[in-house]
Amino acid sequence: FARAPDPAPAHPELRPVLDDVGGEAGLVLLMDDLMVLLLADERTRPFFEYVDQAKVKRHLVEQVCVILGGDCRYTGRDMVESHKDFEIRHADFNALVESLQIAMQQRRIPFRAQNKLLAKLAPMHREIINK
């Protein structure tokens, strides 16, 4: 059976984007904001309401930190495994991306840095969307 793609492929060339986010500490703040938005949005709340939110945030921080060339280690599961118990449609994925964009704007992350991060996260929809 085929292995899922690496959920946290490192892109050292994106280290400046990590700096724009505020490093690992900035990612923690970003994911805190993101979780608030995800829980406030009726489209995404069902996916996050009854999970270990602290663990989800920690894994998101680790994953994005590694992707952006940071000195972190991703300790979560691959994206297929992480999302297999949920019925996730394109609209659900898009709603999460919208919330992430809002969170990045609230944190005043430069638009160019936002786009570079989203470009690395977007292909994961193939492993996350399962409905």
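Just above, that's the structure.
A. View of the environment of glycine 69. Residue position: glycine 69 is located in the loop between helix H4 (53-67) and helix H5 (79-83). Remark: the alpha-carbon pair of glycine 69 and leucine 14, spanning 55 residues in sequence, is separated by 5.9 Å. Setting aside residues up to four positions removed in sequence, glycine 69 forms contacts with His11, Pro12 and Arg15.

B. Spotlight on the state of the cysteines. What the rule picks out here adds up to 1 disulfide. At a sulfur-sulfur separation of 1.8 Å, the disulfide partner of cysteine 65 is cysteine 72. Taking the torsion about the sulfur-sulfur bond, which here is approximately 60°, the covalent link between cysteine 65 and cysteine 72 counts as right-handed. Owing to a relative accessible area of 1%, cysteine 65 belongs among the buried residues under this scheme.

C. Seen up close, unusual backbone geometry. Despite not being glycine, arginine 108 shows a phi value in the positive range, around 60°. Position of arginine 108 relative to the elements: it lies in the loop between helix H6 (90-106) and helix H7 (111-121). Using a relative accessible area of 71% as the deciding quantity, one classes arginine 108 as exposed.

D. View of the packing of helix H2 (residues 23-40) against H6. Their axes nearest at 9 Å, the elements H2 and H6 cross at an angle of 135°. By the angle between their axes, H2 is oblique relative to H6. The chirality of how H2 crosses H6 is right-handed. Note on element contacts: H6 touches H2 through Leu96, Ser99, Leu100, Ile102, Ala103, Met104 and Gln106, opposite Leu30, Asp33, Leu34, Leu37 and Leu38. Looking at side-chain class alone, the contact of H2 with H6 contains 9 nonpolar, 2 polar and 1 charged residues.

E. Quick look at the pattern of salt bridges. Taken as a whole and judged by the stated rule, the model has 9 salt bridges. The salt bridge involving aspartate 71 is made with arginine 15; its shortest N-O contact spans 3.7 Å. Pair noted here: aspartate 71 is in the loop between H4 and H5 and arginine 15 is in helix H1 (residues 15-21), with a separation of 56 residues, a long-range link. On the basis of relative accessibility, which here comes to 70%, the residue aspartate 71 falls in the exposed class. Judged by its relative accessible area of 31%, arginine 15 is partly exposed.

F. Highlighting the environment of glutamate 24. With respect to the secondary-structure elements, glutamate 24 resides in helix H2. Glutamate 24 sits 90 residues away from glutamine 114 along the chain, and the two C-alpha atoms are 15 Å apart.

G. Spotlight on the nonpolar core. Of all hydrophobic cores here, the largest spans 35 residues; its most connected members are Leu27, Leu30, Leu68, Leu100 and Met104. Of all elements in the fold, only H1, H2, helix H3 (45-48), H4, H6 and H7 reach the threshold of two or more residues within this core. If we skip the residues at most four places from it in the chain, methionine 104 touches Leu30, Ile109, Gln114, Leu117 and Leu118.

Conventions used here
Residues numbered from 1 in each chain as written. Predicted model: local features only at pLDDT ≥ 70, side-chain atom pairs only at ≥ 80, totals over all residues. Heavy atoms only, no water. Helix = DSSP H or I, 4+ residues; strand = E, 2+ residues; numbered from the N terminus. Contact = heavy atoms within 4.5 Å. Disulfide = S-S within 2.5 Å. Buried < 20%, exposed > 50% of the residue type's maximum accessible area, 1.4 Å probe, protein only. Axes fitted to C-alpha atoms, helices over the stretch in contact; angles between N-to-C directions. Parallel < 35°, antiparallel > 145°, perpendicular 65-115°, else oblique. Left-handed = near helix turned anticlockwise from the far one by under 90°. Nonpolar A, V, L, I, M, F, W, Y, C, P; charged D, E, K, R; others polar. Salt bridge = Lys/Arg side-chain N within 4 Å of Asp/Glu carboxyl O. Core = buried A, V, L, I, M, F, W, Y, C linked by side-chain atoms within 4.5 Å.

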